[in-house]
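# Tertiary structure, described
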Amino acid sequence: MNLEPLIETTRAYSCISCAKCTGRCPLARASYELDRDGGYSPRAVVSKALQGEIDDHSGMIWDCLTCNACALKCPSDVDFPGFVRQARSKIRKERANGQVRLCTGGSQLSEIANLMAERDLQQKRMDWVGDLQVAVEGETLYFVGCLPYFDLVFPDVVHTQTIAQSMVKIMNAAGIAPVVLANEVCCGHDKLWTGEEDVFKALARKNAAMIQERGVKRIVTSCPECYRTLKLDYPEFVDFNVEVVHSSQFLSELISDGTIRFKDEPETERTVSYQDPCRLGKHMRVFQEPRDVINSIPGLRLEEMTETKAESACCGTSAFSGCDKVREKIRLDRLSQAKSTLVTACPKCQIHFKCTQHTNQTISPEVQGIEVKDLANLVAEAMEAHV
Ligand code: SF4
Ligand code: SF4
Ligand code: SF4
């Protein structure tokens, strides 16, 4: 397989084999701890690529979580996740499937995204709106993402539609009735990162057209993967130029300018931890705003986990792929660092953590009992009834 163009665009040629990437990689650490002879190593992958030793069956290309921890440490500015993404795309263009292994729920979501890309589906995805105020046209759009579908695919694990309800409740309290698209399609993030570039582009073109024809000036997303995809990847792949912010940035803005306020008396006092989602933190460098939001909620005290911000480990899975004991270990290590509530700003982090709590019968009662909760739900619960 000719990887020369990727080696050039991702600066892999400048690797000095220092192994700082491997030292930071959560997959390397967890796989080494479980099997000392078989640890994952991004340094070794780069080295093999430079020597022309990576073929299109290489599991090494499919194992990476694309979390970006390695790239933030690399002294030669090698974009390893970018290399992996492009290699996956090249493999899938030249051969059928590569070695992508989706879990059952991930496969169902992947099929739904295929249908959205191929057909003009009339979806039934607005049931969660209820009495909340939303609009058909306007300046601010709330990009719901796959939240309605997550609840169908993981009914015993999550209720992520409550995140959308909290966000629109907060927006309404701030005097905004956001545009919500009745036929919004998947942002395409997972398709892009598992090598299905053509499906990604079909999805991106549909969303871009729907959003731009509504006169939207600003998009708010709940999912960090939607955030990165709409903000960075859409302008690269399709005709799209709209401001995009993540819900944590939007909430931080509303709190700091006094638009939303909290009840004076907190219902509970508790110490919480915060999980930096990879796409929000290590990809887009949004570290402070979610912390500012947590610290502004009366009764909450944020205590950082051992590894935070650029040093934090991910939730152990990306694009619902490759889920196994190594990735479960990453999640369990993360949960065992957390206080009784682990705040996330990513619905997918929540799914993966809760899925492990739901399915692993051997974890301790302490880890089992950690409440995993989205930032927007916390804000909506703590808000004054009338603003
Ligand atoms: S950190 Fe960068 S330079 Fe060092 S081995 Fe990894 S890719 Fe190469
Ligand atoms: S992107 Fe994350 S999982 Fe992949 S090699 Fe880098 S640190 Fe490891
Ligand atoms: S943890 Fe995530 S990737 Fe693994 S089975 Fe559960 S939902 Fe799928």
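What counts, and at which threshold
- Residues numbered from 1 in each chain as written.
- Chains lettered and ligands numbered in written order.
- Predicted model: local features only at pLDDT ≥ 70, side-chain atom pairs only at ≥ 80, totals over all residues.
- Heavy atoms only, no water.
- Helix = DSSP H or I, 4+ residues; strand = E, 2+ residues; numbered from the N terminus.
- Rg over C-alpha atoms; globule rule 2.2 N^0.38 Å.
- Contact = heavy atoms within 4.5 Å.
- Areas by Shrake-Rupley, 256 points an atom, 1.4 Å probe, with all protein chains shown as cover.
- Axes fitted to C-alpha atoms, helices over the stretch in contact; angles between N-to-C directions.
- Parallel < 35°, antiparallel > 145°, perpendicular 65-115°, else oblique.
- Nonpolar A, V, L, I, M, F, W, Y, C, P; charged D, E, K, R; others polar.
- Near = heavy atom within 4 Å.
- Expected span 1.5 Å × (residues − 1).
- Buried < 20%, exposed > 50% of the residue type's maximum accessible area, 1.4 Å probe, protein only.
- Pairing = 2+ DSSP bridges.
- Left-handed = near helix turned anticlockwise from the far one by under 90°.
- Salt bridge = Lys/Arg side-chain N within 4 Å of Asp/Glu carboxyl O.
- Phe/Tyr/Trp six-rings, centres within 6.5 Å; stacked < 30°, edge-to-face > 60°.
- Lys NZ or Arg CZ within 6 Å of the ring centre and 35° of its normal.

Turning our attention to the overall build of the chain. Along the backbone of the chain there are 20 helices and seven strands. Taking 2.2 N^0.38 as the reference for a compact globule, 387 residues should give roughly 21 Å; the C-alpha atoms of the chain span a radius of gyration of 21 Å, in line with that estimate. Seen through its C-alpha atoms, the chain measures out along the principal axes to roughly 65 × 45 × 35 Å. A sequence separation of at least 24 residues applies to 78% of the contacts in the chain between residues at least 6 apart. Carbon and sulfur atoms make up 47% of the accessible area of the chain, which totals about 16,300 Å².

Here the focus is the packing of helix α17 (residues 325–337) against helix α18 (residues 347–359). It is the contact of α17 with α18, at a shortest axis distance of 10 Å, that shows an interaxial angle of 95°. Taken together, α17 and α18 sit at an angle that is classed as roughly perpendicular. Within the contact between the two elements, α17 uses E328, R331, L332, R334 and L335 and α18 uses H352, F353, T356 and Q357. Per-class residue counts for the contact of α17 with α18 are three nonpolar, three polar and three charged.

Contacts to ligand 1 come from C15, I16, S17, C18, A19, K20, C21, R43, C74, P75, S76 and V78. Across the shell around ligand 1, the residue classes break down as eight nonpolar, two polar and two charged.

Okay, helix α13 (residues 224–237) next. Residues that lie three or four places apart on an α-helix share one face, since the helix turns once every 3.6 residues. Helix length check: α13 (14 residues) gives 19 Å between terminal C-alpha atoms against 20 Å at 1.5 Å per residue, within 8%. Inspection of α13 places P224, E225, C226, Y227, R228, T229, L230, D233 and Y234 among the buried residues, and these make up the whole buried set.

This part covers the site of ligand 3. The environment of ligand 3 is formed by C103, F154, T317, F320, C323, R331, I351, H352 and C355. In terms of residue count, α18 provides more of the shell around ligand 3 than any other element does, three residues in total. Its residues assigned to classes, the shell around ligand 3 shows six nonpolar, two polar and one charged.

Here we come to the pairing of strand β6 (residues 341–344). Because side chains alternate across β6, one face comprises the buried residues T341 and V343, and the other comprises L342 and T344, equally buried. Where strand β4 (residues 270–274) lies against β6, three bridges are found, and the strand directions are parallel. Paired with S273 across the strands is L342, a residue of β6. Of the pairings in the sheet, the one linking β6 to strand β7 (residues 371–374) comprises four bridges and is parallel in character. Bridging from a neighbouring strand, T344 pairs with D374 of β7.

Time to look at the packing of helix α8 (residues 104–118) against helix α12 (residues 197–212). Their axes nearest at 9 Å, the elements α8 and α12 cross at an angle of 60°. On the basis of the axis angle, α8 is oblique to α12. As α8 runs across α12, the sense of the crossing is left-handed. Each of A113, N114, M116, A117 and E118 in α8 lies in contact with α12, whose residues at this interface are V199, A202, L203 and K206. Its residues placed into classes, the contact of α8 with α12 shows six nonpolar, one polar and two charged.

This next bit is on the pairing of strand β1 (residues 140–143). Residues T140 and Y142 point to one face of β1 and L141 and F143 to the other, with burial holding for every one of them. Pairing geometry for β1 and strand β2 (residues 218–221), over four bridges, is parallel. Residue pairing for β2: L141 is matched across the bridge by I219.

This part covers the pattern of salt bridges. Side chains that carry opposite charge are capable of pairing whenever their charged atoms lie near each other. Summed over the entire model, instances satisfying the criterion amount to 31 salt bridges. Put simply, R327 and D324 hold a salt bridge, and the shortest N to O gap is 3.0 Å. Note on D324: relative accessible area 29%, which makes it partly exposed. Of the charged contacts in the structure, one is a salt bridge between K325 and E328, with a shortest N-O distance of 3.5 Å. Of this pair, K325 and E328 both sit in helix α17, three residues apart, roughly one helical turn. Three or more residues are tied together by salt bridges with common partners; here these are R24, R29, K73, E307 and E311.

Okay, the packing of aromatic side chains next. On inspection of all chains with the given rule, the structure shows six aromatic pairs. Here the aromatic rings of F150 and F320 are separated by 6.3 Å at their centres, their planes lie at 55°, and the arrangement is tilted. Taken together, the residues F150 in helix α9 (residues 147–153) and F320 in the loop between β5 (300–302) and α17 connect sequence positions 170 residues apart. A relative accessible area of 3% means that F320 is categorised as buried. Taking 5.4 Å as the distance between ring centres and 80° as the angle between the ring planes, the aromatic pair formed by Y234 and F240 counts as edge-to-face. Each member of the pair, Y234 together with F240, is buried. Cluster of aromatic residues (ring-pair linked, three or more members): F200, Y234, F237 and F240. Here the basic side chain of R279 rests over the ring of W193, its NZ or CZ set 4.6 Å away from the ring centre.

Without other data, these values stay purely geometric and don't point to any function.
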